[in-house]
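Structure at a glance
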Amino acid sequence: MPGPRQHSLFNILRIPRTISAFLHGKSSSMDIILNNIEELTTPVSGFVMKNESMATSKSTVPNEVIAAAESTAEPLAESTVEPVGTSEPIVIKRRTARQLGHLDALESEAIHIMREVAAECANPALLFSGGKDSIVLLRLAEKAFRPGRFPFPLMHIDTGHNFPEVIEFRDRRAQQLGERLIVRSMEDSIRQGRVVLRSENQSRNAFQSVTLLDAIAEFRFDACIGGARRDEEKARAKERIFSFRDEFGQWDPKNQRPELWDLYNTRVHPGENIRVFPISNWTELDVWEYIAREELEVPDIYFSHTRDVIRRESGLLPVSHLVQPKDGEQVENLMVRFRTVGDMSCTCPVQSTAVSVGEIIAETAITRITERGATRMDDQTSDASMELRKKEGYF
């Protein structure tokens, strides 16, 4: 058994590991305080420990610090210590490892990924559209970096076909956070001849890649954080969390970097970049449950409202200056909500009466069609629609 001096040194050497767990979002500050109180005040001579437990002695830490820590502490587990030379065991209590809930574990992983980007990448950006997934990313960034400023700007590629309610929310949320918002418009790419459309009403979703790649080159971003999730679509399901893009912004699904445990390869050459997806392992249900837990505000069009729509192909399309009824199509006024927000010309609402986050969670829990499968007409043109766009530089 090590002597008291050796044991104290051993405990001191454990402190960096505890602090590391806190910095990576895997432990709370109260856990760190209590663990250090218990470990650094533990006597070692004259006792035999069972179940790797330690006896606690009088602490030199101020009582008010201990009281504040214990008020938010997890329940303590009992263990037995047998003093040498006596027959009566001493029962003591010791903190067990903190058990993370499902959302806590997802949040911890996402915060770790964001901090990894900040630590390893020279000039990252966070893609913020005002949609629910990017709203969650902002909250995760707050938890990862507050009270300081975000170590990256926010960026949005405006297609010109976005819902006005979402654009208004985007600007207001960025102003509330006090963070820099970079907006690059496809209208500029069209005027420069970089994007050529057949008509004004044509979906611009597939052409966002041009404006995005131009913006990445303009600001020399080496990483872009996005809110894509693997449950949305099969091309995204096979994409890595750190998704490498070559000097042309292209993604090669057959040449992806391995990701062992939580180790990520962030090396890129000048002109190359990485797309990072901290919530890859989340589902649509996880996102809404997190929004409910964190009480996050989302644009109103996510909730049920009356809207003029037309039935076209397999979905509903909202009537707007971009979408007008064709011969034989009838305008209907229905109670609908949007599961995802994007290009107005190809984003379909779903019929719904959900007017609260709780009701949306109840609907999402029983649906069997992914949000993109049910609401994005541009993803239904072929089985490889998304993969083809991603190969060209799409998010």
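Residues numbered from 1 in each chain as written. Predicted model: local features only at pLDDT ≥ 70, side-chain atom pairs only at ≥ 80, totals over all residues. Heavy atoms only, no water.

**So, the overall build of the chain**
Scanning the chain from terminus to terminus reveals 13 helices and 13 strands. Taken across its 395 residues, the chain has 48% of its residues classed as buried. Looking at the chain as shown, the accessible area adds up to about 20100 Å², and 52% of this sits on carbon and sulfur atoms. (Helix = DSSP H or I, 4+ residues; strand = E, 2+ residues; numbered from the N terminus. Buried < 20%, exposed > 50% of the residue type's maximum accessible area, 1.4 Å probe, protein only. Areas by Shrake-Rupley, 256 points an atom, 1.4 Å probe, with all protein chains shown as cover.)

**Some thoughts on the packing of aromatic side chains**
Considering all chains together, one arrives at 7 aromatic pairs under this definition. Arranged with centres 5.2 Å apart and planes meeting at 75 degrees, the rings of Trp282 and Tyr290 form a pair that is edge-to-face. A relative accessible area of 1% means that Trp282 is categorised as buried. Ring centres 5.6 Å apart and planes at 80 degrees place the aromatic pair Trp288 and Tyr302 in the edge-to-face group. You can see Trp288 sitting in helix H10 (residues 284-294) and its partner Tyr302 sitting in the loop between H10 and strand E10 (305-312), a full 14 residues away along the chain. Every member of this aromatic cluster is reached through a ring pair, and the members are Phe145, Phe150 and Phe152. (Phe/Tyr/Trp six-rings, centres within 6.5 Å; stacked < 30°, edge-to-face > 60°.)

**Some points on helix H11 (residues 357-366)**
Among all positions of H11, only Val357, Ile360, Ile361 and Thr364 are buried. All buried residues of H11 fall inside an arc of 100 degrees around its axis, so they share one side. Buried residues belonging to H11 abut H10 and strand E12 (332-337). (Arc of directions from axis to C-beta. Contact = heavy atoms within 4.5 Å.)

**Some points on the environment of Phe145**
Tracing the backbone through its elements, the reader meets Phe145 in helix H5 (residues 132-145). For the pair formed by Phe145 and Met114, sequence separation is 31 residues and the distance between their alpha carbons is 9.1 Å.

**Digging into the sheet that holds E12**
Sheet strands associate in pairs through backbone hydrogen bonding, adopting either a parallel or an antiparallel arrangement. Within the open sheet, the 4 strands sit side by side as E11-E10-E12-E13. Their pairing is antiparallel. Each having just a single partner strand, strand E11 (315-318) and strand E13 (350-351) make up the two edges of the open sheet. As paired strands, E10 and E12 are joined by 5 bridges and run antiparallel to one another. Bridging across to E12, Val309 finds its partner in Glu332. (Pairing = 2+ DSSP bridges.)

**Observations concerning the confidence of the model for the chain**
Taken residue by residue, the chain gives an average pLDDT of 78. The fraction at 70 or more is 69%. In this model residues 36-61 is a low-confidence stretch, pLDDT under 50, and it forms 56 contacts with partners more than four residues away in sequence or in other chains. Across residues 68-74, confidence stays below pLDDT 50; counting only partners more than four residues off in sequence or on other chains, it has 10 contacts. (pLDDT = per-residue confidence, 0-100.)

**Concerning a nonpolar patch on the surface**
A cluster of nonpolar residues, Leu260, Trp261 and Leu263, forms a patch on the protein surface that exposes about 430 Å² of accessible area. Within the secondary structure, Leu263 is located in the loop between strand E8 (242-245) and strand E9 (273-276). (Patch = residues over 30% accessible without salt bridge, like charges linked within 9 Å, V, L, I, M, F, W, Y side chains within 5 Å. Salt bridge = Lys/Arg side-chain N within 4 Å of Asp/Glu carboxyl O.)

**A look at the pattern of salt bridges**
Going through the model one piece at a time under the given rule, you end up with 25 salt bridges. Across the salt bridge formed by Arg139 and Glu142, the nearest N and O atoms sit 3.1 Å from each other. Highlighted residues: Arg139 and Glu142, both in helix H5, separated by 3 residues, approximately one helical turn. The two residues Arg139 and Glu142 agree in class, both being buried. Counted as one network, the salt bridges with shared partners bring together Asp104, Glu107, Arg139, Glu142, Lys143, Arg173, Arg293 and Glu294.

**Considerations on empty space enclosed by the protein**
Across all of its chains, the model carries 2 cavities of 30 Å³ or more by this definition. Here the second largest cavity defines a volume of roughly 40 Å³. Together, Arg240, Phe242, Ser243, Phe244, Trp251, Asp252, Asn255, Gln256 and Arg257 line the second largest cavity. Of the residues belonging to the lining of the second largest cavity, the class tally is 3 nonpolar, 3 polar and 3 charged. (1 Å grid on protein atoms, 1.4 Å probe; cavity = no way out; pocket = protein on both sides within 12 Å on 5 of 7 lines; lining within 4 Å. Points joined across faces, edges and corners; volume = space filled by probe spheres on them. Nonpolar A, V, L, I, M, F, W, Y, C, P; charged D, E, K, R; others polar.)

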